[in-house]
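# Structural characterization, general
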Amino acid sequence: MPSFRKPLAGLTCLFALAAAGCSAGSKDAGDSGGSTDAAQPSHTAYAPYVSATDASANDSAGSPSTYNLAFVISDGSTCTPKWNGEDALTDAAVTSRIAKLKTDGGDVRVSFGGASGKELASVCDSASALAAAYGKALDAAGTTRADFDIEGDELTDADSVALRSKAIALLQKQRSDLEVTFTLPVMPSGLDADSLALLDSANQYDVQVSTVNLMTMNYGESYDGDMGDYALTSAKAAHTQLKKVFGLSDASAWQGMALTSMLGVNDVDNETFSLSDAAQVRSFAEEKGIAWVSMWSTFRDQQCADGKASRDDAATNCSGVEQSSGAFGKAFAG
């Protein structure tokens, strides 16, 4: 996904959140490699991406249960975590903002990575140092939920992928309640080889994964059809892959999945995600028992001031489509 950098835009057991089981490296209670469908949560939550540094009047639209705080990355060259690579983890404005989000009724999840800057795994020189950096960010936000948005060059860097897996596994040994989400690009054909390799790496190092969050957006100029249909097709293809990779039942694979759409105009010509698309995704997610749905981002959940903003404006602070403020949040919340 885009970044909130200035100017603002923007396995042992898989799915520990969705199913109490074990990892790919061990057997579940039934010793079958999958998990039963009992005791699975059925409610699909709404958890949008928000800026950790700048509040939006649309943050609370749809009454999110969790906010994904974007993004913690390296300060540029060292293993020092900062919000958007610029703001200290304990910056007073940020901590005050996080406290306000929690007061309004939502939990928070720290999102590491994104499309811009350097993800910490690319600059930290050891798993212990990387785990410590991640831990500092989680402690500053006061949360046990971590999202790793891995895309672009970071996704194809096998060394950083392995280091990240080692660090997350180490951190989970230190913090048994840590919930981990991987946010990955997807196509209507499903997850690509690099994303599957990342999940294999998580398995190899015994990372407990709560959810795999699919970025249902930016497919390419040749995909000029309905964006809601593409989101559902992508989810179905990835569902088949997750079942195979982790040996899950149908229900467990759905319940270990999340879907994130880019509202309004996307970063690719011919791709516009409408309010009806959001309602379609929400309905599908509820039908399948998907863990949560999200969007990029609350800051864009409003009509552009002149109604005809350029693509650049729509990419940073509005949707580029006709809407009332907060309409996408309400549609995704159901």
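Preceding this section is the structure that the text describes.
Residues numbered from 1 in each chain as written. Predicted model: local features only at pLDDT ≥ 70, side-chain atom pairs only at ≥ 80, totals over all residues. Heavy atoms only, no water.

Here we take up the pairing of strand S9 (residues 257-262). Of all the six residues making up S9, six are buried; the element is thus mostly covered by neighbouring parts of the structure. The alternating pattern of S9 places Met 257, Leu 259 and Ser 261 and Ala 258, Thr 260 and Met 262 on opposite faces, both of which are buried. Here five bridges tie S9 to strand S12 (residues 292-296), and the two strands are oriented parallel to one another. Considered in S12, the bridge of Met 262 is made with Trp 296. (Buried < 20%, exposed > 50% of the residue type's maximum accessible area, 1.4 Å probe, protein only. Helix = DSSP H or I, 4+ residues; strand = E, 2+ residues; numbered from the N terminus. Pairing = 2+ DSSP bridges.)

Across the interface, helix H5 (residues 193-204) lies against helix H6 (residues 227-246) with an axial gap of 11 Å and an inter-helix angle of 30°. It follows from the interaxial angle that H5 and H6 lie roughly parallel. Viewed along their axes, H5 and H6 form a crossing whose handedness is right-handed. Contacts from Leu 196, Leu 199, Asp 200 and Asn 203 of H5 reach H6 at Gln 241, Leu 242, Val 245 and Phe 246. (Axes fitted to C-alpha atoms, helices over the stretch in contact; angles between N-to-C directions. Parallel < 35°, antiparallel > 145°, perpendicular 65-115°, else oblique. Left-handed = near helix turned anticlockwise from the far one by under 90°. Contact = heavy atoms within 4.5 Å.)

With 12 residues, helix H1 (residues 92-103) extends 16 Å from end C-alpha to end C-alpha; this agrees with the ideal 16 Å at 1.5 Å per step. In this structure, the buried residues of H1 make contact with strand S2 (49-51), strand S3 (66-74), strand S4 (81-83), strand S5 (107-113) and helix H2 (127-141). One side-chain oxygen of the residue at the start of H1 lies 3.0 Å from the amide nitrogen of Ala 93, identifying that residue as Asp 91. Of the residues trailing H1, Gly 105 is marked for its positive phi of about 110°. (Expected span 1.5 Å × (residues − 1). Polar contact = N/O pair within 3.5 Å; in protein donor to acceptor, adjacent residues only side chain to side chain.)

Turning next to the packing of helix H4 (residues 158-174) against H5. Closest axis-to-axis distance for the H4/H5 pair is 9 Å, and the angle between their directions is 35°. For the pair H4 and H5, the crossing hand works out as right-handed. Seen from H4, the contacting residues are Val 161, Ala 162, Arg 164 and Ser 165; seen from H5, they are Leu 198, Ser 201 and Ala 202. Partitioned by chemical class, the residues of the contact of H4 with H5 number four nonpolar, two polar and one charged. (Nonpolar A, V, L, I, M, F, W, Y, C, P; charged D, E, K, R; others polar.)

On to the pairing of strand S7 (residues 179-185). Taken across its seven residues, S7 has five buried, putting it largely inside the fold. The pairing of strand S6 (residues 145-149) with S7 spans five bridges and is parallel. Within the sheet, the bridge partner assigned to Arg 145 lies in S7 and is Glu 179. Summarising the sheet, S7 and strand S8 (residues 209-216) pair through six bridges and their orientation is parallel. Looking at S8, one finds that Phe 182 is bridged to Val 212. Handedness of the S7-H5-S8 crossover: right-handed. (Right-handed = clockwise from strand over helix to strand, strands pointing away.)

This part takes up the state of the cysteines. Using the criterion set out here, one finds two disulfides in the structure. For Cys 79, the disulfide goes to Cys 124, at an S-S distance of 1.8 Å. Its S-S torsion of about 90° marks the bond between Cys 79 and Cys 124 as right-handed, since a negative value means left-handed. Taken together, the positions of Cys 79 in the loop between S3 and S4 and Cys 124 in the loop between S5 and H2 put the pair 45 residues apart, joining distant regions of the chain. Put simply, Cys 304 and Cys 318 are joined by a disulfide, and their sulfur atoms are 2.1 Å apart. Torsion about the S-S bond of the Cys 304 and Cys 318 cystine: about 85°, corresponding to right-handed handedness. Note that Cys 304 is positioned in the loop between S12 and helix H9 (311-316) and Cys 318 in the loop between H9 and helix H10 (327-333), a separation of 14 residues in sequence. One exposure class covers both Cys 304 and Cys 318, and it is buried. Across the protein chain, the way the bonded cysteines pair up, counted in sequence order, is 1-2, 3-4. (Disulfide = S-S within 2.5 Å.)

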